[in-house]
Amino acid sequence: MFGYYLDLALHSLGRNKILTALMVLAIAVGIGASMTTLTVVHLLSGDPLPGRSQAIFYPQVDADPKNKDSSEPLDMLDYRSALDLWSAKRADRQVMLVQSTVRLNTDDAGKPAVMMPMLSATADFFSMFNVPFRYGGPWSEQDDAARARVVVITDDLNQKLFAGENSVGRVLRLRSSDVRIVGVLKPWRPSPQFYAIRGGRFAAGDTSDFYAKPEDVITPFFTGLDVNDGNFQQFTCWQMPAHPGHLQDSPCVWVALWVQINDATHVAAYRRFVADYAAQQQAIGRFTHSGNTRMRSLMGWLDFNGVLPSNVRLQAWLAVAFLAICLVNMVGLLLAKFLRRSGEIGLRRALGASRAAVFAQYMVESGLIGLIGGVCGWLLTMAGLWFIRQQPVAYADLARLDVPMFLLTFVAAIGASLLAGALPAVRACRVVPAWQLKSL
Amino acid sequence: MDILPILSTLRRHKTTAFLVIAEIALTCAIVCNAVFIINQRIERIHMQSGVDEQRLLHIALANIGVTKDDKARRAEDLAALQQVPGVISVASVNQVPFGNSSSNGSIKLDPKQRLATLNATDYFGENVTQTLGTQLIAGRELHADDYMDMDQVVNAAAAKDAKGIPHVTVITQKMAERLWPGQPALGKQIYMSDYAFTVVGVVKELIRPSIWDDSAASYTMVLPVRVANNEYILRVDDPKNRERVLKAAVAKLKEINPHRVVLKQHLLSNMREDFFQNDRAMTGLLVGVCVALLVVTALGIVGLGSFWVAQRRRQIGVRRALGATRSNILRYFQTENFLLATIGIGVGMVLAYGINLLLMVHYELPRLPAIYFPVGALLLWTIGQLAVLGPAMRAAAVPPVVATRSV
């Protein structure tokens, strides 16, 4: 029967091409707009460390004397607190990290020096965040302690400087220091750049920069502090720092600390350790208060910072509302189309077709419109994502259709048109055969 | 025109009537809010900066770090830039309008106040207002003898020595009005980190470099502090020359020290464009959505109207046979559409208001101005009437003889 209904549906769609085109267009545009924006939402709100994120935490203590127990602690740590918590090694892995802008000299290649973002982190960074290596590997904890002049670079920078060859052992000049390359990453593009997120609550929804690419140059934490001394930026200070750019003993917060706790039962213990640390610092007079320590999980921290840009969310709502209007429109057009054939329906019913058979026939027709609309909608989605990739936003390069969203495009298109077709099909199968036959 | 027969017909065609009403209502709700957001964004894009945008250039060099000679270097750079033909004023600054990076401070009216009155941005740099071209509306500009060097201020702040901190400031009119509504600001004092500053001048407008709250976009103060951050602004005599002057200025700086990295070199007008890039993209998108929505709605009305006319061919024929003129029939369908549109608009307005309330909570949008309701209604009525015209004309063309067939 399905084959016969499909045949009827094709025939019926061909009969009034303009009406068919209108319906296909409505569903295609609605699906195209919704899927473009939903794909962006999907890509930007995913878990950047699937399988690992629930074990990653962001401890916070509050050294700001202007704050109180009731205030939210500052988004980053002061140097002393970060160093104390990190050195205690109470978690399975712990990473201190800080970002800065460094001058990369490539005089030997005859190119001018460039300024580029640099990440300085302790050795656990790579194992904790599952960072993949193409050549070489991470540095060791001894390198951290010895302030070894080593560096890991990204695939992007390796392509730019060394045409993608194995550059392990080569030397880069960061400001006035020579650092040896020990590792080259595989392409690595976490979404968002989770380890660097902070200050989302001050961003007024404009958070697209949270989706920037990782830094091209990664040095050991203390090496970075030496090499780029004088060029560090604070998140904020409660007093003017004595030496701007050199923040080790400044009244400023500027260091991020991440810890990995594999065993869920140890989380509470670590939380207590952070609270105890703050209480002890208050006891020795370094903190004015200690009641507002925090330790959010990775996803909790992303939520707290509202990482999804508000423009993206607004666009998604708008697109879904647009799809709803397209559907209402389609209900009307299908109703017109089906009931115009009341005579034909009456004849089929009189010849013995059941109501269910008539209903099924019209649902097949609606589904077919949905399928064609889905194909057109998929093309529009590809066009929409291409358009987003041309925009000057940090997440532009992420906007690509993945398999689940590709499948959802068709499920949504067919589902929407079946939904739109249900009411007209019910009306069609309620046609009273005798009335229609009389008027034929 | 008698409305009662139309109402009784509509009561018999609840589904179709409901669909038209739903479509108009949803479109009305979304288009009203979308147009409102568009207007908000356009207003933002045209925000006044208070500076001479067409004649300003911005150059930022990489900060080589704290060195002993940075003051000497600044003096040398400024002198060299001043020599570039076409430059009328130069300043070494800490931030620029539309630069997206700013220094901000909490302002109190009374040092004992627990919470700050407002948060304002601070521009530093000798000659900064003169170079930016802000308009002084009261008091005086900052003088050379008001100025102190940044490193001395930092040391004085570390030693809690109020003498080493500047004690005058120039603020914007909007900030003055916010702090002392209806009173002259000159001579009044504000407090930042427990230090008092006396307002000696008020400028008409000077925008913040980064704006996270539009209502605070012009809370700006200028402090007499000399900075050597390797960041310069230049004002040229003629906007036509600015590209040439920018190139010459960068070349001049490179000539002084070829090893310095030029981080940024911009025309301020381009910085403004980049600054509002996001708003512009969103505006384009929203306009597209509105047009698409209105087209889809109009097509829906055409489709349903045609169906309705086809369904009632015989009824129309009977009316024509009983003496109704063509214009009676035309008027009938137009009135019917008007009624449906009116109900749809009524429901749509309530929906629009609801969506606006949601947006006010989640996106900090202001309340939808009342003017949107009549304008939105007029627009949808017009679109409804235009869309129904085709089907209505076809209805009017039904000949009376139809009534006699197949009865």
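Parameters and conventions
Residues numbered from 1 in each chain as written. Chains lettered and ligands numbered in written order. Predicted model: local features only at pLDDT ≥ 70, side-chain atom pairs only at ≥ 80, totals over all residues. UniProt positions renumbered as here; feature names shortened; annotations may be inferred. Contact = placed C-beta atoms within 7 Å. Helix = DSSP H or I, 4+ residues; strand = E, 2+ residues; numbered from the N terminus. Nonpolar A, V, L, I, M, F, W, Y, C, P; charged D, E, K, R; others polar. Domains from an automatic or database assignment. Pairing = 2+ DSSP bridges. Axes fitted to C-alpha atoms, helices over the stretch in contact; angles between N-to-C directions. Core = buried A, V, L, I, M, F, W, Y, C linked by C-beta atoms within 7 Å. Buried ≥ 20, exposed ≤ 12 C-beta atoms within 10 Å, placed from the backbone. Left-handed = near helix turned anticlockwise from the far one by under 90°. Expected span 1.5 Å × (residues − 1).

- For chain B, an unreviewed UniProt entry supplies the name ABC transporter permease and the organism Dyella kyungheensis.
- Among the UniProt annotations of chain B, the heading Subcellular location (unreviewed entry) holds the following wording: "Cell membrane".
- Under the UniProt heading Sequence similarities (unreviewed entry), the entry covering chain B gives this text: "Belongs to the ABC-4 integral membrane protein family."

- Looking at an unreviewed UniProt entry, chain A carries the name ABC transporter permease, with the source organism given as Dyella kyungheensis.
- Per UniProt, the comment on chain A under Subcellular location (unreviewed entry) is "Cell membrane".

1. Thoughts on the interface of chain A and chain B
Reasoning step 1: If you look at the interface, chain A gives 40 residues, while chain B gives 37 residues.
Reasoning step 2: For the side of chain A that touches chain B, the elements supplying multiple residues, two or more each, are helix H2 (17-44), strand S3 (114-121) and helix H10 (310-340) of chain A.
Reasoning step 3: It is H10(A) that provides the largest number of residues to the side of chain A that touches chain B, a total of 18 residues.
Reasoning step 4: Across the side of chain A that touches chain B, the residue classes tally to 26 nonpolar, 11 polar and three charged.

2. Description of the domain arrangement of chain A
Accessible area lost upon the coming together of the parts is a frequently used measure of interface size.
Residues and elements named next belong to chain A.
Reasoning step 1: Under the domain assignment used here, chain A contains domain 1 (2-45 + 309-439) and domain 2 (53-304).
Reasoning step 2: Here domain 1 and domain 2 have C-alpha centroids that lie 49 Å from each other.
Reasoning step 3: Each side of the interface is counted separately: domain 1 has eight residues, and domain 2 has eight residues.
Reasoning step 4: Each residue belonging to the side of domain 1 that touches domain 2 can be placed in one class, and the counts come to seven nonpolar, one polar and no charged.

3. Description of the sheet that holds strand S2 (residues 87-92) of chain B
Residue and element names in this part refer to chain B.
Reasoning step 1: Read across the open sheet, the four strands follow the order S2-S12-S1-S13; overall the sheet is antiparallel. Both edges of this open sheet fall to S2 and strand S13 (262-267), since each of them pairs with a single strand only. Within this sheet the neighbouring strands show an average axis-to-axis angle of 15°, counted without direction.
Reasoning step 2: Strand direction decides the pairing type here: strand S1 (residues 56-61) and strand S12 (residues 231-236), joined by five bridges, are antiparallel. Directly across from histidine 58, in S12, lies its bridge partner isoleucine 233.
Reasoning step 3: The strands that helix H7 (residues 242-256) touches are S1, S2, S12 and S13; relative to S1, the one it contacts most, it runs at about 25°.
Reasoning step 4: Contacts from helix H8 (residues 268-275) reach S1 and S13 within the one sheet, and its direction differs from that of S13 by about 95°.

4. Topic: the nonpolar core
Reasoning step 1: Counting residues in hydrophobic clusters, the biggest one holds 168 residues, and the most contacted among them are Ile27(A), Leu97(A), Val255(A), Leu257(A), Phe322(A) and Cys28(B).
Reasoning step 2: Ala120(B), Val202(B), Val203(B) and Phe275(B) belong to the second largest nonpolar core, which has 58 residues in total.

5. Concerning the packing of H2(A) against helix H13 (residues 403-429) of chain A
Residue and element names in this part refer to chain A.
Reasoning step 1: The N-to-C vectors of H2 and H13 enclose an angle of 140°; their axes lie 10 Å apart at closest approach. When you trace H2 past H13, the crossing you get is right-handed. Contact with H2, carried on its side by Ile27, Ile31, Met35, Thr39 and His42, involves Met405, Thr409, Ala412, Ala413, Ala416 and Ser417 of H13 and no other residues of that element.
Reasoning step 2: Of the residues contributing to the contact of H2 with H13, the split by class is seven nonpolar, four polar and no charged.

6. Quick look at unusual backbone geometry
Reasoning step 1: Looking along the chain, the bond that leaves Ser191(A) and enters Pro192(A) is cis, with omega of 0°.
Reasoning step 2: Looking at the secondary structure, you find Pro192(A) in the loop between strand S7 (177-185) and strand S8 (217-220).
Reasoning step 3: Its identity as a non-glycine residue notwithstanding, Asn130(A) has a phi of 50°, on the positive side.
Reasoning step 4: Within the secondary structure layout, Asn130(A) lies in the loop between helix H4 (124-128) and strand S4 (133-136).
Reasoning step 5: With 13 C-beta atoms counted inside 10 Å, the residue Asn130(A) sits in the partly exposed group.
Reasoning step 6: Its identity as a non-glycine residue notwithstanding, Asn230(B) has a phi of 65°, on the positive side.
Reasoning step 7: Take Asn230(B): it is sitting in the loop between strand S11 (225-226) and S12.
Reasoning step 8: Taking the number of C-beta atoms within 10 Å as the measure of exposure, Asn230(B) has 21 and is therefore buried.

7. Looking at helix H8 (residues 267-283) of chain A
Reasoning step 1: With 17 residues, H8(A) ought to run about 24 Å at 1.5 Å a step, and its terminal C-alpha atoms sit 24 Å apart, in line with that.
Reasoning step 2: Backbone geometry just downstream of H8(A) places Gly285(A) in the positive-phi region, at approximately 90°.

8. Considerations on the UniProt feature "transmembrane region" (unreviewed entry) in chain B
Residue and element names in this part refer to chain B.
Reasoning step 1: Annotation from UniProt places "transmembrane region" (unreviewed entry) at residues 16-38, 285-310, 338-359 and 371-389.
Reasoning step 2: Along residues 16-38 the backbone is 100% helical and 0% strand, and the end-to-end C-alpha distance reaches 32 Å.
Reasoning step 3: Split by type, residues 338-359 is 100% helix and 0% strand. Its first and last C-alpha atoms lie 30 Å apart.

9. A few points about the UniProt feature "domain: ABC3 transporter permease C-terminal" (unreviewed entry) in chain B
Reasoning step 1: In this numbering, the UniProt entry assigns the feature "domain: ABC3 transporter permease C-terminal" (unreviewed entry) to residues 291-399 of chain B.
Reasoning step 2: Helix makes up 85% of residues 291-399 of chain B and strand 0%, with an end-to-end C-alpha separation of 37 Å.

10. Considering the UniProt feature "domain: ABC3 transporter permease C-terminal" (unreviewed entry) in chain A
Reasoning step 1: Mapped onto this numbering, the UniProt entry gives "domain: ABC3 transporter permease C-terminal" (unreviewed entry) at residues 318-431 of chain A.
Reasoning step 2: Here residues 318-431 of chain A runs as 82% helix and 0% strand, with 37 Å between its end C-alpha atoms.

11. What to know about the environment of Met47(B)
Residues and elements named next belong to chain B.
Reasoning step 1: Locating methionine 47 in the fold gives a position in the loop between helix H2 (14-45) and S1.
Reasoning step 2: According to the C-beta neighbour criterion, methionine 47 is partly exposed, with 18 such atoms within 10 Å.
Reasoning step 3: As a C-alpha pair, methionine 47 and glycine 348 span 301 residues in sequence and 31 Å in three-dimensional space.
Reasoning step 4: When near neighbours in sequence (up to four residues on either side) are disregarded, methionine 47 contacts Ile207 and Ala217.

12. Considerations on the pairing of strand S2 (residues 93-105) of chain A
All names here are of chain A.
Reasoning step 1: A large share of S2 lies buried, amounting to 10 of its 13 residues.
Reasoning step 2: Direction of pairing for S2 relative to strand S11 (residues 256-260): antiparallel, over a ladder of five bridges. Across the sheet, glutamine 94 pairs through a bridge with valine 259, a residue of S11.
Reasoning step 3: In the sheet, S2 pairs with strand S6 (residues 171-174) via two bridges, with the strands oriented antiparallel. Bridging from a neighbouring strand, asparagine 105 pairs with arginine 173 of S6.

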